Amino acid sequence: MPLLWVALLACAALAAVMVRENRKVLAQQAKELDEAGLILTGLSKDLADDLHPVVSGLMDDGSRVTLEVISDTLVTRRLPQLWLRVTVRNTVPRQSPTIGVLARPTGTEYYSVVHGLAHLLEPPPSNVPLLMRADCASIHPPLNRLKDILMDAITDPTIKEAVISPGATRVVVQVAQGQRSAHLLFRQARFNVNTVPADVIRHGISVAAMLRTAADLSMKPAEIPALIA
């Protein structure tokens, strides 16, 4: 009987530690995008299904930006990754296909837009493995121009994915790698950052905005929808 009580007390103590650690992790996650306020105005905050924060705000030109944190623990043969997904909305939707490129694909990128696009494209030559897909066949006139624009972005080794669509541009940029000891010993995803640095947020927004501007300039007049007054 005493052994049973010892076992029950040990289980209760372990449960208390787990609850405390879980609360600590959730409190830390809630602060991951606190530095977005240094860059964007009119912030609104929400929580994703995985309890990472989602922040939406405005750039200086009035464009809306959405920031999402992704903890990728499904990676194979390497450390977990912490990503920042940046979506910059177009002020005016453009008449263009959706096309995206994913660097170093493993097939486990559950957050990827590229995996969900219907048509496989041949990417330009690159030093890293790439997956490029679109929602239309390669005969669509703007695709080759948009391919080159995406390649300019993906040469940045911190960019995991870049997507151009009629309503927005999106990039997934690396924030941090998981701690090796926590991953190897306990199979846990722990990162050496408490918040996504403002420089990383600023860089992701800059790349996404560059993609948007380049895509707009690449469209021929006949491919841009007329605005109705």
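In this text, all values refer to a predicted model and were calculated from it rather than measured experimentally.

K.L.:
Just to check I follow, could you spell out helix α4 (residues 198-218) for this structure?
P.N.:
The α-helix winds at 3.6 residues per turn, so residues separated by three or four positions along the chain end up facing the same way. Taking 1.5 Å of rise per residue, 21 residues should cover 30 Å, and α4 covers 30 Å from first to last C-alpha, within 8% of that figure. Inspection of α4 places Ala198, Val200, Ile201, Gly204, Ile205, Val207, Ala208, Ala209, Leu211, Arg212, Ala215 and Ser218 among the buried residues, and these make up the whole buried set. Turning to α4, the residues buried within the fold contact β3 (64-72), β4 (81-89), α2 (143-154), β8 (159-164) and β9 (168-177).

K.L.:
Just to check I follow, could you spell out the environment of Gly204 for this structure?
P.N.:
With respect to the helices and strands, Gly204 occurs in helix α4. Along the backbone, Gly204 and Val88 are 116 residues apart, and their C-alpha atoms lie at a distance of 9.7 Å. Sequence-distant contacts of Gly204, that is, excluding residues within four places in its chain, are made with Val86, Val171 and Val173.

K.L.:
Please clarify how the confidence of the model for the protein chain should be interpreted in this entry.
P.N.:
Detailed reading of the predicted coordinates is not advisable wherever pLDDT is low. On average, residues of the protein chain score 80 in pLDDT, and 73% of them reach the 70 mark or higher. Looking across the protein chain, the model is least confident in helix α3 (residues 180-186), with a mean pLDDT of 41, and most confident in β8, with 97. Low pLDDT (under 50) marks residues 12-27, which in the prediction has one contact with non-local residues, meaning those over four places away or in another chain. Here residues 179-188 scores under 50 on pLDDT; set against residues more than four positions off or in separate chains, the count is 13 contacts.

K.L.:
How should I be thinking about the nonpolar core in this particular structure?
P.N.:
The nonpolar side chains of soluble globular proteins are, as a tendency, buried together. Ranked by internal contacts, the top residues of the largest apolar core, which has 45 residues, are Leu67, Leu84, Val86, Ile99, Ile201 and Ile205. Counting only elements with at least two residues in this core, the list comes to β3, β4, β5 (99-103), β7 (130-134), α2, β8, β9 and α4. Apart from the residues within four sequence positions on either side, Ile99 is in contact with Leu117, Leu121, Met132, Arg133, Ala134, Leu143, Leu146, Lys147, Leu150, Ala162, Val163 and Ile164.

K.L.:
Just to check I follow, could you spell out the packing of aromatic side chains for this structure?
P.N.:
Each pair of aromatic rings is reported with the distance of its centres and the angle of its planes. Following the criterion strictly, the structure yields two aromatic pairs and no others. Taking 6.4 Å as the distance between ring centres and 45° as the angle between the ring planes, the aromatic pair formed by Trp83 and Tyr111 counts as tilted. Here Tyr111 lies in the loop between β5 and β6 (119-121) and Trp83 lies in strand β4, a separation of 28 residues in the sequence. We classify Tyr111 as buried; its relative accessible area is 4%.

K.L.:
Hey, could you run me through the pairing of β3 in this one?
P.N.:
The two faces of a sheet get side chains in turn, since along a regular strand they alternate between them. Counting buried positions along β3 gives eight out of nine residues, so the element sits mostly inside the fold. Across eight bridges, β3 lies against β4 in antiparallel orientation. Note that in β4 the partner of Asp72 across the bridge is Gln81.

K.L.:
Just to check I follow, could you spell out the pattern of salt bridges for this structure?
P.N.:
Where charged atoms from two side chains of opposite charge come close, those side chains can pair. Under the counting rule described, the total for this entry stands at six salt bridges. Here Arg212 and Asp61 are joined by a salt bridge, their closest N and O atoms 3.0 Å apart. Of this pair, Arg212 sits in helix α4 while Asp61 sits in the loop between β2 (53-58) and β3; the two residues are 151 residues apart in sequence, bridging distant segments of the chain. Arg212 gets classed as buried once you look at its relative accessible area, which sits at 9%. Measuring nitrogen to oxygen at the nearest pair gives 3.3 Å for the salt bridge that ties Lys160 to Glu109. One end of the pair, Lys160, is in strand β8; the other, Glu109, is in the loop between β5 and β6, and 51 residues separate them in sequence. Judged on exposure class, the residue Lys160 and its partner Glu109 are both buried.

K.L.:
I'm lost on the sheet that holds β3 in this one. Help?
P.N.:
Strands in a sheet are paired, the pairing made by backbone hydrogen bonds, and the direction either parallel or antiparallel. Read from one edge of the open sheet, nine strands run β1-β2-β3-β4-β9-β8-β5-β7-β6, paired in antiparallel fashion. Two strands close off the open sheet at either side, each with one partner strand: β1 (41-47) and β6. Averaged over all adjacent pairs, the angle separating strand axes in this sheet is 20°, with direction ignored. As judged from the five bridges shared by β8 and β9, these two strands associate in the antiparallel manner. Within the sheet, the bridge partner assigned to Glu161 lies in β9 and is Val172. In this fold α2 packs onto β5, β6, β7 and β8, with an angle of close to 155° to the strand it touches most, β8. Packed on one face of the sheet, α4 meets β3, β4, β8 and β9 and runs near 155° to β9.

Rules used throughout
Residues numbered from 1 in each chain as written. Predicted model: local features only at pLDDT ≥ 70, side-chain atom pairs only at ≥ 80, totals over all residues. Heavy atoms only, no water. Helix = DSSP H or I, 4+ residues; strand = E, 2+ residues; numbered from the N terminus. Expected span 1.5 Å × (residues − 1). Buried < 20%, exposed > 50% of the residue type's maximum accessible area, 1.4 Å probe, protein only. Contact = heavy atoms within 4.5 Å. pLDDT = per-residue confidence, 0-100. Core = buried A, V, L, I, M, F, W, Y, C linked by side-chain atoms within 4.5 Å. Phe/Tyr/Trp six-rings, centres within 6.5 Å; stacked < 30°, edge-to-face > 60°. Pairing = 2+ DSSP bridges. Salt bridge = Lys/Arg side-chain N within 4 Å of Asp/Glu carboxyl O. Axes fitted to C-alpha atoms, helices over the stretch in contact; angles between N-to-C directions.

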